[in-house]
Amino acid sequence: MDLGEKFKIIRKQRKFTIGALSEIAGSKSSISDFENGKTHHSTDVILHLLSAMMVNSEEFFGTPKLFTQKEYTDFLQDSMHAIQKQDGQFLLSCATESEQRYTASGNYLYHILALNLQLIANEFYPSAANKNIADEMLDYFFSLNIWTIFDIGLWGNVVTNFSDQNVYLITTEILSEMNEMPSNNKDRIILDSALNSLSVLLKRHNRSLAKKLMDRLYEYEFPKYFMYQKTALAF
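Residues numbered from 1 in each chain as written. Predicted model: local features only at pLDDT ≥ 70, side-chain atom pairs only at ≥ 80, totals over all residues. Heavy atoms only, no water.

Visitor: Honestly, helix 3 (residues 28-35) in this entry has me stumped. Any pointers?
Guide: Each turn of an α-helix holds 3.6 residues, which means side chains three or four residues apart point in the same direction. Within the sequence span of helix 3, burial applies to S30, I31, F34 and E35. In an axial view of helix 3, the angular spread of the buried residues amounts to 135 degrees, which keeps them on one side of the axis. Taken together, the buried residues of helix 3 touch helix 1 (3-13), helix 2 (18-22) and helix 4 (43-52). A positive phi of about 70 degrees marks G37, the residue just after helix 3. (Buried < 20%, exposed > 50% of the residue type's maximum accessible area, 1.4 Å probe, protein only. Helix = DSSP H or I, 4+ residues; strand = E, 2+ residues; numbered from the N terminus. Arc of directions from axis to C-beta. Contact = heavy atoms within 4.5 Å.)

Quick look at the structure:
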């Protein structure tokens with residue numbers, strides 16, 4: 001897959017129009033030409049556009065340089081603080097703020113964040129989220145053709161809200177993004193996410209699906225990865 005095609009898939013997953021991105025950097029024609037392989041775009045422009053879509057350059061280009069948009073990262077840090085403090089009320093206020101930002105800006109990422117935060121808050125306030133929210137979040141996950149670090153993080157936050165079968169299916173999709181021999185930060189995050197899903201299945205005593213997921217993990221080479229070795233002892 002070339003970079004233009006990859007960019008186009010991510011843009012559509014994030015529900016950005018070419019017009020909306022052209023207001024951030026580049027032009028409609030240059031972005032369209034880049035997506036269709038007709039021309040190359042300047043690195044500066046691509047980095048600005050990736051930043052708006054919460055995608056870092058390491059996973060897009062395969063380079064270690066990290067780019068994020070400050071507005072998002074500040075908001076995410078506040079949300080992570082609420083999660084660490086198990087502050088359900090603050091999580092709900094963050095979800096409300098995120099939905100308001102979505103309404104004001106039309107940036108779909110804010111809507112997805114709002115759903116995610118409501119599901120997390122549901123662990124502390126069971127009435128904080130309803131089945132429709134979980135269903136919409138699940139639809140989002142199943143719609144993904146490319147899993148970014150951002151998306152993997154969202155999944156890890158709410159994995160306990162879904163059925164065993166969906167936990168297994170989504171996790172195997174995420175694993176398909178990993179190199180045969182884990183070699184970068186994204187691979188490590190994917191592995192941590194898979195092990196988290198595996199622990200959920202084990203806690204639910206679904207050893208059948210847990211064993212199937214463990215068999216998938218056996219395909220990768222990480223003999224010195226402590227958490228993998230610890231989990232493997234359960235089998």
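So, next bit.
Visitor: Where do I start with the packing of aromatic side chains in this structure?
Guide: Where two aromatic rings form a pair, the distance of their centres and the angle of their planes describe that pair. Going through the model one piece at a time under the given rule, you end up with seven aromatic pairs. Ring geometry for F7 versus F34: centroids 5.5 Å apart, planes at 75 degrees, classification edge-to-face. Residue F7 is found in helix 1, and its partner F34 is found in helix 3; the two are separated by 27 residues along the sequence. Here F7 and F34 have matching classes, each one buried. With 5.5 Å between their ring centres and 10 degrees between their planes, W155 and F162 make a pair best called stacked. (Phe/Tyr/Trp six-rings, centres within 6.5 Å; stacked < 30°, edge-to-face > 60°.)

Visitor: Is there a simple way to explain the packing of helix 8 (residues 108-121) against helix 10 (residues 149-158) in this structure?
Guide: The axes of two packed helices give the description: the angle between them and the distance between them. At a minimum axis separation of 9 Å, helix 8 and helix 10 run at an interaxial angle of 20 degrees. Relative to helix 10, the element helix 8 lies roughly parallel. You can see that helix 8 and helix 10 cross each other, and the crossing is left-handed. Seen from helix 8, the contacting residues are L109, I112, L113, N116, L119 and I120; seen from helix 10, they are F150, L154, N157 and V158. Among the residues making up the contact of helix 8 with helix 10, the classes are represented as eight nonpolar, two polar and no charged. (Axes fitted to C-alpha atoms, helices over the stretch in contact; angles between N-to-C directions. Parallel < 35°, antiparallel > 145°, perpendicular 65-115°, else oblique. Left-handed = near helix turned anticlockwise from the far one by under 90°. Nonpolar A, V, L, I, M, F, W, Y, C, P; charged D, E, K, R; others polar.)

Visitor: How do you make sense of unusual backbone geometry when you look at a structure like this?
Guide: A negative phi holds for most residues other than glycine; trans holds for most peptide bonds. The phi dihedral of K15 falls on the positive side, at around 60 degrees, and the residue is not glycine. Here K15 shows up in the loop between helix 1 and helix 2. Among the residues examined, K15 registers a relative accessible area of 52% and is labelled exposed. The residue M54 is not glycine, and still its phi comes out positive at about 55 degrees. Along the polypeptide, M54 turns up in the loop between helix 4 and helix 5 (57-61). By relative accessible area, M54 is classed as buried at 11%.

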